[in-house]
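These are the residues of each chain, in order.
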Amino acid sequence: MSATDPLAQLSAEGVAVWLDDLSRDRLTTGNLQTLIDEKHVVGVTTNPSIFQAAISKSSLYDDDLRRHAGQGSDADTAVRDLTTDDVRAAADLFAPIARPATTGDGRVSIEVDPRLAHDTDGTIAQARDLWDEVGRPNVFVKIPATKAGLPAITATIAAGISVNVTLIFSIDRYREVMDAYQAGLEQRLAAGESLEGIASVASFFVSRVDSEIDKRLEAIGSDEALELRGKSAVANARLAYAAYEEVVGAERWQRLEAAGAQRQRPLWASTSTKNPDYDDTMYVAQLVAPDTVNTMPEATIDAVADHGVITGDTVRPNYDDARSTLTAVSAAGVDLDDVSAVLEREGVEKFATSWNDLLESVNAKLEAAK
């Protein structure tokens, strides 16, 4: 490992580097393969906003759309076909990484329809459909960590389907997610089924937490409040990792691990900085800990490769500081529970809006092709 290769250092510290993007352009140009070969990328996450950008802005889907128009497909059918095709192709690229199945890497995520975020049964049904349609063992089906999503996570894991739990903003909800994962594994064992090949990550969102809390600190406007800007997201994520350590150290998890269960790794999501005043690698360099995933846009991967400074574990030595930070943010007048509720609601709404925009765009292309 070169001392001048921060991405290699990150990997050596136990942080899996995943790309937070997918498009047919990346697949056909060889860009994704290059990132695997040269930038230590060992997984991919997608979401409705990513697919909306990929399909709306590229001509590489046009032949498929003309075919769907000829078949009389509606926009939902066409979008499902296009997205599962891309995920299947990416999963095949990552298959060599995924084959040593103990790591949980080499995975590609595809999300259930975001309009189902508050529909438990609909989420369970679509998770099964997506799993079957992609037809690759190294896929994660993404399910949001809404209240309705929690029982869907348990049922989906119990069915033997690997899950990426998305849109986690609070430590309390994260604990519920870890409980849902363990419950699914326990149900599977009770049914006499194997845990082999089942993996999960819990996507804990980072930069959006700072964006929302910083806005509130600025509204408060005191010197003490302003001094706390840009510190909440990292503190929140670090304490999430403390909760993860507590869960995997407990007897309940130890029993599952002895039966062959894979740990549900914390995944740091939304790790590009939204504030241009902040260091563009802060949500990577400040969240280094074993058994974690950091999913980054390519620009953040490039920034880390160019000037990231990786100094070993930056999470576990800083638990006390993280607690002090969030205590100070609360004392300044920020309601952290309300922050989490707002971010979850906005996250679900943003993905649903992107999905609707994508359906409208594809519908227009289908009509034009007719």
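What counts, and where the lines are drawn
Residues numbered from 1 in each chain as written. Predicted model: local features only at pLDDT ≥ 70, side-chain atom pairs only at ≥ 80, totals over all residues. Heavy atoms only, no water. Helix = DSSP H or I, 4+ residues; strand = E, 2+ residues; numbered from the N terminus. Rg over C-alpha atoms; globule rule 2.2 N^0.38 Å. Buried < 20%, exposed > 50% of the residue type's maximum accessible area, 1.4 Å probe, protein only. Contact = heavy atoms within 4.5 Å. Areas by Shrake-Rupley, 256 points an atom, 1.4 Å probe, with all protein chains shown as cover. Phe/Tyr/Trp six-rings, centres within 6.5 Å; stacked < 30°, edge-to-face > 60°. Lys NZ or Arg CZ within 6 Å of the ring centre and 35° of its normal. Pairing = 2+ DSSP bridges. Axes fitted to C-alpha atoms, helices over the stretch in contact; angles between N-to-C directions. Polar contact = N/O pair within 3.5 Å; in protein donor to acceptor, adjacent residues only side chain to side chain. Parallel < 35°, antiparallel > 145°, perpendicular 65-115°, else oblique. Nonpolar A, V, L, I, M, F, W, Y, C, P; charged D, E, K, R; others polar.

Participant: I'm lost on the overall build of the protein chain in this one. Help?
Facilitator: Within the protein chain one finds 17 helices and eight strands. For 370 residues, the compact-globule estimate of 2.2 N^0.38 gives 21 Å, and the C-alpha radius of gyration of the protein chain, at 20 Å, lies within 12% of that figure. The 370 residues of the protein chain split such that 57% are buried. When contacts within the protein chain are restricted to residue pairs at least 6 apart in sequence, those whose partners lie at least 24 apart make up 78%. Carbon and sulfur atoms provide 47% of the accessible area of the protein chain, an area that totals close to 14700 Å².

Participant: Please clarify how the packing of aromatic side chains should be interpreted in this entry.
Facilitator: The description of two aromatic rings rests on the distance between their centres and on the angle between their planes. Applying the stated criterion across every chain yields a total of six aromatic pairs. Consider the rings of Trp18 and Phe140, whose centres lie 6.1 Å apart with planes at 35°: the pair is tilted. Of the two residues, Trp18 sits in strand E1 (residues 15-19) while Phe140 sits in strand E4 (residues 139-144), which places them 122 residues apart along the sequence. We note that Trp18, like Phe140, is buried. Ring geometry for Tyr174 and Phe204: centres 5.8 Å apart, planes at 70°, overall edge-to-face. In this pair, Tyr174 sits in helix H9 (residues 171-190) while Phe204 sits in strand E6 (residues 200-205), placing the two residues 30 residues apart along the sequence. Exposure class is identical for Tyr174 and Phe204. Each is buried. Members of the aromatic cluster, joined through ring pairs, are Tyr174, Phe204 and Trp268. The lysine or arginine in question, Arg107, covers the ring of Phe140, its NZ or CZ lying 5.1 Å from the ring centre.

Participant: Would you explain the sheet that holds strand E5 (residues 163-168) in this entry?
Facilitator: Sheet strands line up and pair through hydrogen bonds in the backbone, either parallel or antiparallel. Here eight strands make up a closed barrel; going around it, the order is E1-E2-E3-E4-E5-E6-E7-E8 and the pairing parallel. If you compare each strand with its neighbour and ignore which way they point, the axes differ by 30° on average. Note: E4 against E5, four bridges, orientation parallel. In the strand pairing of E5, Val141 is matched with Val163. Helix H12 (residues 232-248) rests against E6, strand E7 (264-269) and strand E8 (292-296) of the sheet, and its axis sits at about 175° to E7.

Participant: What should I look at first to understand the pairing of E1 in this one?
Facilitator: Walk down a regular strand and you will see the side chains alternate between the two sheet faces. Taking burial as the measure, the five residues of E1 include five buried ones, the bulk of the element. Neither face of E1 is open: one carries Val15, Val17 and Leu19, the other Ala16 and Trp18, and all of them are buried. Strand direction decides the pairing type here: E1 and E8, joined by five bridges, are parallel. Paired with Ala16 across the bridge in E8 is Val293. With two bridges connecting them, E1 and strand E2 (residues 41-44) associate as parallel partners. Following the sheet pairing, Leu19 is matched in E2 by Val44.

Participant: Explanation requested: the pairing of E2 in the structure shown.
Facilitator: With two bridges connecting them, E2 and strand E3 (residues 107-111) associate as parallel partners. When the bridges of E3 are listed, Val44 appears paired with Val108.

Participant: Mind showing me how you'd approach the environment of Ser23 here?
Facilitator: Mapped onto the elements, Ser23 comes out in the loop between E1 and helix H2 (24-29). Classification of Ser23 as buried rests on a relative accessible area of 10%. C-alpha separation for the pair Ser23 and Thr83, spaced 60 residues apart in sequence, amounts to 8.9 Å. Not counting residues up to four positions away in its chain, the partners in contact with Ser23 are Ala54, Tyr61 and Asp86. Reaching out from Ser23, the side chain makes a polar contact with the backbone nitrogen of Arg26 at a distance of 3.1 Å.

Participant: I'm lost on the packing of helix H6 (residues 75-98) against helix H17 (residues 336-369) in this one. Help?
Facilitator: Helices that pack against each other are described as a pair by the angle of their axes relative to one another and the distance between those axes. Two elements in contact, H6 and H17, have axes separated by 9 Å at closest approach and are oriented at 105°. Classed by the angle they form, the pair H6 and H17 counts as roughly perpendicular. Only Trp355, Leu358, Leu359, Val362, Asn363 and Leu366 of H17 make contact with H6, whose side of the interface consists of Ala75, Asp76, Ala78 and Val79. Broken down by class, the residue content of the contact of H6 with H17 amounts to eight nonpolar, one polar and one charged.

Participant: How should I be thinking about the side chain of Thr156 in this particular structure?
Facilitator: Counting through the fold element by element, Thr156 comes out in helix H8 (residues 149-158). Overall, the relative accessible area of 2% leaves Thr156 in the buried class. If sequence neighbours within four positions are ignored, Thr156 has contacts with Ile124, Ala127, Ile143, Ile161 and Val163.

Participant: Hey, could you run me through unusual backbone geometry in this one?
Facilitator: Apart from glycine, the bulk of residues carry a negative phi angle, and the bulk of peptide bonds sit in the trans form. Phi is positive for Leu167, close to 60°, though the residue is something other than glycine. With respect to the helices and strands, Leu167 occurs in strand E5. Although it is not a glycine, Asp291 adopts a positive phi angle of roughly 60°. Mapping Asp291 onto the fold places it in the loop between helix H14 (282-285) and E8.

What is shown is where atoms sit, not what they do.
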